[in-house]
Amino acid sequence: MTITRRYKTVHNAWIRQFHDPGADGPTLVCFPHAGGSASAHLPLSAELSAAAEVLIAQYPGRQDRLAEPAVDDLRRMADHAAHALRPWRNRPLALFGHSMGALLAYEVALRLERHRGRPLAGLIVSGRAAPSVPFGRRVHTMDDEQFTGHLAGLGGTPPELLADKDLLAMALPSLRADYKAVETYQDHAGHKVGCPISSYCGKQDAGVPRDGFGKWAEYTTGRHSARLFDGGHFYLQTREREVGRAILQDLTAFTARDTAEGEPRPTASPAASAPALAPLLQLPLPQP
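Quick caveat, the model's predicted, so the values are computed rather than measured.

**Quick word on the nonpolar core**
If you look at the biggest cluster of nonpolar residues, it comprises 56 residues, and the most contacted ones within it are Phe31, Met77, Leu85, Leu95, Val108 and Trp216. Top contributing element to this core by residue count: helix 3 (residues 100-116), with 10 residues. Beyond its immediate chain neighbours, meaning those up to four positions away, Leu85 contacts Ile15, Val29, Phe31, Leu55, Val108 and Leu112. One finds Leu44, Leu48, Tyr235 and Leu236 within the second-largest nonpolar core, a separate group that totals 26 residues.

**Some points on unusual backbone geometry**
Although it is not a glycine, Gln63 adopts a positive phi angle of roughly 45°. Look at Gln63 and you get partly exposed, because its relative accessible area is 29%.

**Looking at the environment of Ser126**
Note that Ser126 resides in strand 6 (residues 122-126). Along the chain, Ser126 and Leu103 lie 23 residues apart, while their C-alpha atoms are 9.2 Å from each other. Those residues in contact with Ser126, other than ones at most four positions away along the chain, are Phe96, Gly97, His98, Ser99, Ala102, Tyr200, Tyr235 and Leu236. One polar contact links Ser126 to Tyr235, side chain to side chain, over a distance of 2.6 Å.

**Observations regarding the pairing of strand 5 (residues 93-98)**
Of all 6 residues in strand 5, 6 are buried; the element is thus mostly enclosed. Residues Leu93, Leu95 and Gly97 of strand 5 are buried on one face, and the alternating residues Ala94, Phe96 and His98, pointing to the opposite face, are buried as well. Note that strand 3 (residues 27-31) and strand 5 share 5 bridges and pair parallel. The residue bridging Val29 from the neighbouring strand is Leu95, located in strand 5. Pairing analysis gives 5 bridges linking strand 5 to strand 6, with the strands arranged parallel. The partner of Leu95 across the bridge, within strand 6, is Leu123.

**Observations concerning the pairing of strand 1 (residues 9-12)**
For a regular strand, side chains alternate in direction, first toward one face of the sheet and then toward the other. As paired strands, strand 1 and strand 2 (residues 15-17) are joined by 3 bridges and run antiparallel to one another. Of the residues in strand 2, the one forming a bridge with Val10 is Arg16. Remark: 2 residues form the turn of the hairpin made by strand 1 and strand 2, two consecutive strands paired antiparallel.

**Observations concerning the environment of Gly212**
Within the secondary structure, Gly212 sits in helix 7 (residues 210-214). Classification of Gly212 as buried rests on a relative accessible area of 2%. Each C-alpha atom of the pair Gly212 and Arg128 lies 8.4 Å from the other, and the pair is 84 residues apart in sequence. The residues contacting Gly212, other than those within four sequence positions of it, are Ala129, Ala130 and Val133.

**So, the packing of aromatic side chains**
Applying the stated criterion to the full structure yields 7 aromatic pairs. Ring centres of Phe229 and Tyr235 lie 5.1 Å apart, and the angle between their planes is 10°; this geometry places the pair in the stacked category. With respect to burial, Phe229 and Tyr235 carry one shared label: buried. Here the aromatic cluster, defined as three or more aromatic residues joined through ring pairs, consists of Phe96, Tyr200, Phe229 and Tyr235.

**Remarks on the packing of helix 2 (residues 74-84) against helix 3**
The N-to-C vectors of helix 2 and helix 3 enclose an angle of 55°; their axes lie 9 Å apart at closest approach. One element, helix 2, and the other, helix 3, form an angle in the oblique class. In the crossing of helix 2 with helix 3, the sense of the turn from one axis to the other is right-handed. Of the residues in helix 3, those touching helix 2 at Leu74, Arg75, Met77, Ala78, Asp79, Ala81 and Ala82 are Met100, Leu103, Leu104, Glu107, Val108, Arg111 and Leu112. When grouped by side-chain class, the residues that make up the contact of helix 2 with helix 3 number 10 nonpolar, no polar and 4 charged.

**Some remarks on the sheet that holds strand 6**
Taken in spatial order, the 8 strands of this open sheet run 1-2-4-3-5-6-7-8, and their pairing is mixed. The open sheet has two edge strands with one neighbour each: strand 1 and strand 8 (224-229). For this sheet, the mean angle separating the axes of adjacent strands, direction not counted, is 20°. Relative to strand 4 (residues 53-57), strand 3 runs parallel, the two sharing 4 bridges. Along strand 4, the bridge assignment pairs Cys30 with Ile56.

Calculation rules
Here the residue numbering is sequential within each chain, running from 1 through the sequence in written order. The predicted nature of this model means local features are confined to residues of pLDDT at least 70 and side-chain atom pairs, given and counted, to a pLDDT of 80 or more, with totals for whole chains, interfaces and linings taken over all residues. Water and hydrogen atoms play no part in the side-chain values, which are based on all heavy atoms of the structure. Among the buried residues, those of types Ala, Val, Leu, Ile, Met, Phe, Trp, Tyr and Cys that are joined through side-chain atoms within 4.5 Å form a nonpolar core. With a 1.4 Å probe rolled over the protein chains alone, any residue whose accessible area is under 20% of its type maximum counts as buried; one over 50% counts as exposed, and the rest are partly exposed. A run of H or I in DSSP counts as a helix once it spans at least four residues, and a run of E counts as a strand once it spans at least two, with each numbered from the N terminus. Residues are treated as being in contact if the distance between any of their heavy atoms lies within 4.5 Å. For the purposes of these results, a polar contact is taken to be a pair of N or O atoms within 3.5 Å, where, inside protein, one atom must be able to donate a hydrogen and its partner to accept one; residues adjacent in sequence count only when each atom of the pair is a side-chain atom. Only strands joined by at least two bridges in the DSSP assignment are considered to pair. Classification of ring pairs rests on two measures: the distance between centres of Phe, Tyr or Trp rings, Trp counted by its six-membered ring, which must be within 6.5 Å, and the angle between planes, read as stacked under 30 degrees, edge-to-face over 60 and tilted in between. All axes are obtained by fitting lines to C-alpha atoms, using only the stretch in contact for helices, and the reported angles, taken between N-to-C directions, cover 0 to 180 degrees. When an angle is under 35 degrees it counts as roughly parallel; over 145 it counts as roughly antiparallel; between 65 and 115 it counts as roughly perpendicular; any other value is oblique. When the near helix sits turned anticlockwise from the far one by under a right angle, the crossing is termed left-handed; a clockwise turn instead gives a right-handed crossing. Residues are grouped as follows: Ala, Val, Leu, Ile, Met, Phe, Trp, Tyr, Cys and Pro are nonpolar; Asp, Glu, Lys and Arg are charged; every other residue, Gly included, is polar.

Here's what the structure looks like:
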């Protein structure tokens with residue numbers, strides 16, 4: 001059942017929607033970073049909803065799901081998220097994930113393609129090396145002081161959260177669970193998605209080795225492309241317009257490919273064609 005809360009729309013426990021789509025375009029599902037919540041992608045939803053139906057995953061253990069235990073296994077998270085996306089399974093569907101969300105989006109894509117029996121429209125992965133590259137740290141086992149220092153160094157956590165001991169105490173369990181999910185994750189040998197993959201990364205993100213970033217090409221039987229943006233691990237927070245435009249360009253390429261390959265379209269909700277998305281790509285970007 002779809003219900004309305006502080007979010008514009010809550011489709012189910014795992015799926016949030018902040019904006020109504022302005023066109024009958026493809027569906028884009030966003031997966032936040034470790035410790036992130038659905039609101040982390042509110043700016044992207046605002047940028048993209050004129051051309052796409054933007055859905056955002058809400059993980060347990062945060063915001064309106066704070067009372068639920070966080071999930072510390074990435075594959076179990078993917079099982080839950082893929083199940084929650086069943087109503088959209090036959091839609092023209094693309095996934096976007098940042099950091100932990102990149103691995104989760106890849107795992108969800110594998111599941112959805114298996115159940116659909118055909119590829120998704122596309123997969124966009126951000127701020128994370130390919131699944132075969134281990135995280136290389138055991139952050140989830142650090143004491144609270146070390147853990148907090150690590151978060152501060154990444155720059156993506158609001159300073160007021162790190163300074164407020166009570167808020168931090170509420171946030172730490174889900175943060176640790178997310179880090180454990182990433183750090184204990186093991187790659188599927190030889191598993192590939194059938195859709196194209198676009199990989200994004202901040203130019204100054206020291207945590208993503210360039211050779212490991214390039215290995216995403218090995219995880220699709222289709223096309224792979226890569227984009228670099230100015231900034232560190234959380235480049236998205238300062239480059240929303242630029243990232244939004246890049247995603248629109250990728251969605252245009254994804255939907256054009258689907259049209260060329262004769263992807264079946266649901267009668268009630270046909271995907272936007274590449275021409276329908278094209279005018280939004282002409283929006284001027286602010287100067288850096």
